[in-house]
Amino acid sequence: MDKLSVMHAFRRIVERGSFARAAEDLGVSPALLSREIKLLEQSLGATLLTRTTRSMSLTDAGRLYYDEARGILGAVAGVETRIREGAGAVRGHLKVNASSSFGQTVIAPILPGFLEAYPDLRLTLALDDRVVDMVEGGFDVSIRIRPAMPDSALVARKIGRMRQRIFAAPAYLEKAGIPQAPKDIARHRVIGFLLADHLISWELHGPSGASMIDLDPQIRIGNSLVLRDLLIAGQGIGTLPDFVSNAPEARGELVRVLQDWELPAPEIYAVTASRLGMDAKVTAFLDHLGAVLRS
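Report follows, based on the coordinates. Note that the structure is a prediction, hence the values are computed from the model and not measured.

### A closer look at the pattern of salt bridges
For step 1, the next point in the chain: Within this structure, the stated rule accounts for 11 salt bridges.
For step 2, the next point in the chain: Taking the shortest distance from any N to any O, the salt bridge between Asp-229 and Arg-228 comes out at 3.0 Å.

### Notes on the sheet that holds strand E7 (residues 164–168)
For step 1, the next point in the chain: With antiparallel pairing, the 3 strands of this open sheet are ordered in space as E12-E7-E13. At either margin of the open sheet sits one strand with a lone partner, and together these are strand E12 (238–241) and strand E13 (255–256).
For step 2, the next point in the chain: On top of the sheet, helix H8 (residues 224–232) reaches E7 and E12; it is set at about 130° to E12, its chief contact.
For step 3, the next point in the chain: The sheet strands contacting helix H9 (residues 242–250) are E7, E12 and E13, and the helix crosses E12 at an angle near 105°.

### Some words on unusual backbone geometry
Where the residue is not glycine, phi is negative for most of them; where a peptide bond is considered, it is trans in most cases.
For step 1, the next point in the chain: The phi dihedral of Leu-258 falls on the positive side, at around 50°, and the residue is not glycine.
For step 2, the next point in the chain: Along the polypeptide, Leu-258 turns up in the loop between E13 and strand E14 (267–272).
For step 3, the next point in the chain: For Leu-258, a relative accessible area of 8% puts it in the buried group.

How each quantity is defined
- Residues numbered from 1 in each chain as written.
- Predicted model: local features only at pLDDT ≥ 70, side-chain atom pairs only at ≥ 80, totals over all residues.
- Heavy atoms only, no water.
- Salt bridge = Lys/Arg side-chain N within 4 Å of Asp/Glu carboxyl O.
- Pairing = 2+ DSSP bridges.
- Helix = DSSP H or I, 4+ residues; strand = E, 2+ residues; numbered from the N terminus.
- Contact = heavy atoms within 4.5 Å.
- Axes fitted to C-alpha atoms, helices over the stretch in contact; angles between N-to-C directions.
- Buried < 20%, exposed > 50% of the residue type's maximum accessible area, 1.4 Å probe, protein only.

Spelled out as structure tokens, the structure:
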């Protein structure tokens, strides 16, 4: 039995003074309504309505139930109204999770403008290079970068695409030589990203198709920003996402290795725990983030 639905029906019967008129309002048959009220009375162990062929009246228990039901239904309606009115407002507490490198290089620069646009918003930004439990952590949205999202109760929306390419410092290449083909990488000092699917095997795509390279990285790092800094320092060859490599490449601190080859492009996902539409604060945040990813 749906208690709120039956409560609503009981209130309508009392206020309309008739099963038939209440049933017409609710779009159900009087017989169905009568059965619902009988089940309600049985569950309460009390008679709520006395009925004759000509009249209907409330018992003392029925009067108490009606008064309380009216208050409960009014409170529920009030909550629903407040939620609907606030659904389009960017306020409340927004909790975001992302990897350290993406958070520092992509999200951090947009935060001043985002917070200035929505001064009533509270923000928690948690940076973690491992996948966290969104529900346990209470996050509204998690930014994840993966080739594909596994099936789960979470809802993943593609918001961008990342390019993953090979880099080294000019000084390292001058000393160790420049690879001319994918197979040459195995002869170099490789710095691997500890949390990547491609730590020990690179699937490179280029003009002649795909080429698989098996590797045993001498250095394994669990943070893309530390990996970037080691590459800049001339410690070896490694792969970097474009949001990490763009700035040092533009400054000449890193150069592309095997420019016609790169790893498969992972997708950037905004992951939420609810299958309902995103609320206003999540939408506003992703709009700001999307503008950067599209530029």
